Amino acid sequence: RVAITAGGHTLVKAGLILSLVGGRDRGSGSNTANGNLHKRVDSHVLIVGDPGLGKSQLLQAVSNIVPRGVYVCGNSTTSAGLTVTLAKDGHDTVLEAGALVLSDRGCCCIDEFDKMTSQHNALLEAMEQQSISIAKAGMVCSLPARCSVIAAANPVSGHYNPRKSIAENVKLSGPLLSRFDLIFILLDRADASLDRYLSEHVLALHAEEGNDGGRVERDEAEGQLRSSTPPSDIPLEHRLQSCREVLDPRLMRKYIAHVRAAYRPVLGEDAKAVLKEFYLQLRAEDRSEETPVTTRQLESLIRLTESRAKIGQRTEATAGDALDVVEIFRYCMRDVKAVDGMVVKVSVTV
């Protein structure tokens, strides 16, 4: 269970769990030894939404359940604090690691991402190459930063404007947005049933003083992700809502560490077919200039599908794994690609 105090956001929490697990690590194989390029295995997530929807609670919960997590706030973070800085130690010059380097093999959660515009350029290399290069005071080196970046941002105008693109709402550059595998948009819409559920959830949390406030939770079921091969005819969101299993954070931390190290799943032929069809349909319907669909989206789909197979303790990713990722991806694209009245609607079949 991720962020018990933050009710709802079923697929958002599922996407966060997938980002913590990561894809298949190819770094120690023969490909790297033969000189081929290193492939990123960690997924990055951006959560944008109206104030008061639990974005900070999601980030704090993620930093607590990941085996190695660092939580920082954009209001009080500098470029050196994110990457690396030089310091004097007597007559010697030493390197002091920042949040991304300290998060190596883990997760770096950045809250108030919209408040640190001057530090965004420092993230470009770390998010794609998973390393930080430095050339200062006669020191030239590269430090590993193999971590997932999970960021939360508020719209610049206070509330998200659906008539504007994601780049206009949060004032982020195209290169930085393209590095995020999943971009979730949380909107504070008036919904009678959802408002009733959230009010019952918050009241239950206060009444039970946090001991077991998740009993009224209808969609907190990350434990279901560990089940056997998921049935493709039942959507992931419905399966999560029907499961009420509550997992201890310590157990989740151990389980994530186990599946990250023990499994290196490969894509099955059925999974490849699902991802290929979904990607080609996205390319055919893409009309956005600020958030175009490129091969980075295909690599994101592959990483997340491998993550889904890891959670199920499988050595081969199935079509069901791919369909679960497509559902999460389509949930993201629903609002991110809502530009000029065009909304992506994709039907994937096996």
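Structure: see above.
Report on the accompanying structure.

Criteria and thresholds
For every chain, the first residue of the written sequence is number 1, and numbering continues from 1 onward in sequence order. Note on the predicted model: pLDDT of at least 70 is required for a residue's local features to be given, and 80 or more for side-chain atom pairs to be given and counted; whole-chain, interface and lining totals, by contrast, use all residues. Excluded from the side-chain calculation are hydrogens and water; included are all heavy atoms of the structure. Salt bridges are defined by distance alone: a side-chain nitrogen of Lys or Arg within 4 Å of a carboxyl oxygen of Asp or Glu. The buried label goes to any residue with under 20% of its type's maximum accessible area, the exposed label to any with over 50%, and the partly exposed label to all in between, with areas taken from a 1.4 Å probe on protein chains only. Put simply, a nonpolar core is a bunch of buried Ala, Val, Leu, Ile, Met, Phe, Trp, Tyr and Cys residues held in one set by side-chain atoms that sit within 4.5 Å of each other. Each helix corresponds to a stretch of at least 4 residues labelled H or I by DSSP, and each strand to a stretch of at least 2 residues labelled E; elements are numbered beginning at the N terminus. Contact between two residues is taken to exist if any of their heavy atoms lie within 4.5 Å; hydrogens are not considered. Strands are labelled as partners when DSSP assigns at least two bridges between them. For helices, the fitted line uses only the C-alpha atoms of the stretch in contact; every axis is such a line through C-alpha atoms, and the angle between N-to-C directions lies from 0 to 180 degrees. Here a pair means two rings of Phe, Tyr or Trp (six-membered ring of Trp) with centres within 6.5 Å. Their orientation is stacked below 30 degrees between planes, edge-to-face above 60, and tilted elsewhere.

Scanning the model with the defined rule gives 14 salt bridges in all. Of the charged contacts in the structure, one is a salt bridge between Lys115 and Glu112, with a shortest N-O distance of 3.0 Å. Using a relative accessible area of 18% as the deciding quantity, one classes Glu112 as buried. The closest approach of N and O atoms between Asp114 and Lys115, which form a salt bridge, is 2.8 Å.

Counting 53 residues, the largest nonpolar core has Leu16, Leu20, Ile47, Ile150, Leu182, Ile328 and Phe329 as the members making the most contacts within it. Among the elements that line this core, the one with the most residues is helix H14 (residues 319-336), at 9 residues. The residues contacting Ile328, other than those within four sequence positions of it, are Leu11, Ala14, Gly15, Leu18, Leu182, Phe184 and Leu236. In this structure, Ile132, Val149, Leu172 and Ile185 belong to the second largest nonpolar core, which totals 35 residues.

Inspection of the secondary structure assignment puts Leu298 in helix H13 (residues 295-311). On the basis of relative accessible area, Leu298 is assigned to the partly exposed category, the value being 25%. Apart from the residues within four sequence positions on either side, Leu298 is in contact with Leu275 and Tyr279.

Here we come to the sheet that holds strand E1 (residues 45-49). If you trace the 5 strands from one edge of the open sheet to the other, you get E2-E5-E8-E1-E9, paired in parallel fashion. Each of the sheet's edge strands pairs with one partner strand only, and the pair in question is strand E2 (69-73) and strand E9 (182-186). Going across the sheet, the axis of each strand differs from the next one's by a mean of 15 degrees, ignoring polarity. By the bridge criterion, 5 bridges tie E1 to E9 in an arrangement that is parallel. When the sheet's bridge partners are listed, Val48 is paired in E9 with Ile185.

Attention shifts here to the packing of aromatic side chains. Applying the stated criterion across every chain yields a total of 3 aromatic pairs. Aromatic side chains Phe184 and Tyr331 sit 6.2 Å apart centroid to centroid with 45 degrees between the ring planes, which places their arrangement in the tilted category. One end of the pair, Phe184, is in strand E9; the other, Tyr331, is in helix H14, and 147 residues separate them in sequence. Of the residues examined, Phe184 reaches a relative accessible area of 0% and is grouped as buried. When the centroid spacing of 6.0 Å and the interplanar angle of 90 degrees are considered together, the rings of Phe278 and Phe329 count as edge-to-face. Residue Phe278 is found in helix H12 (residues 269-285), and its partner Phe329 is found in helix H14; the two are separated by 51 residues along the sequence. For Phe278, a relative accessible area of 0% translates into the label buried.

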